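Structural features, examined
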Amino acid sequence: MLKTVEALIALTVLLSFSSFQLLHHPVQHSSIYQYELAEDAWRVIWLRGGLQPAMHDEWMGGVFGINERRIDEDADRITELTGLCVEMDALQATSCIPGEGAIVLHKNVMAPAPIPVIFRMGPE
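Just so you know, these numbers come straight off a predicted model, no measurement behind them.

In strand β1 (residues 85–88), alternate side chains face the same way, and those of C85 and E87 on one face and V86 and M88 on the other are all buried. Looking at chain direction, β1 and strand β4 (residues 113–122) are connected through four bridges and run antiparallel. By the bridge assignment, C85 is partnered in β4 with G122. Strand direction decides the pairing type here: β1 and strand β2 (residues 93–94), joined by two bridges, are antiparallel. The partner of M88 across the bridge, within β2, is A93. Counted between consecutive antiparallel strands, the loop separating β1 from β2 contains four residues, among which Q92 sits at a positive phi close to 50°.

Definitions and limits used
- Residues numbered from 1 in each chain as written.
- Predicted model: local features only at pLDDT ≥ 70, side-chain atom pairs only at ≥ 80, totals over all residues.
- Heavy atoms only, no water.
- Buried < 20%, exposed > 50% of the residue type's maximum accessible area, 1.4 Å probe, protein only.
- Helix = DSSP H or I, 4+ residues; strand = E, 2+ residues; numbered from the N terminus.
- Pairing = 2+ DSSP bridges.

Written out as structure tokens, the structure reads:
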């Protein structure tokens, strides 16, 4: 009986240390996850209207009427939530400069003429 109690105590201690290690161990994300996250960030910026040609005079500004102010605000918010830097070279919009190992997406934005955009997202 005493050995059973000792075994249960040892198991409880082992499980508590294991769960503590799992909770505090840095997560290594796969590259597929990182690509999906970058695609989602691109879609957020697109759907919030930053990459669509401006429709009103108050939104005009930037390259071909693209709302660069909104793109910068959205990029800053994405960086705040994910901790990853966002950069779009052709639009000169960035929250911070991603370092090596950043995910690179090649996109096109239609703003009267197609603009090729290299979207980079990754840690600083």
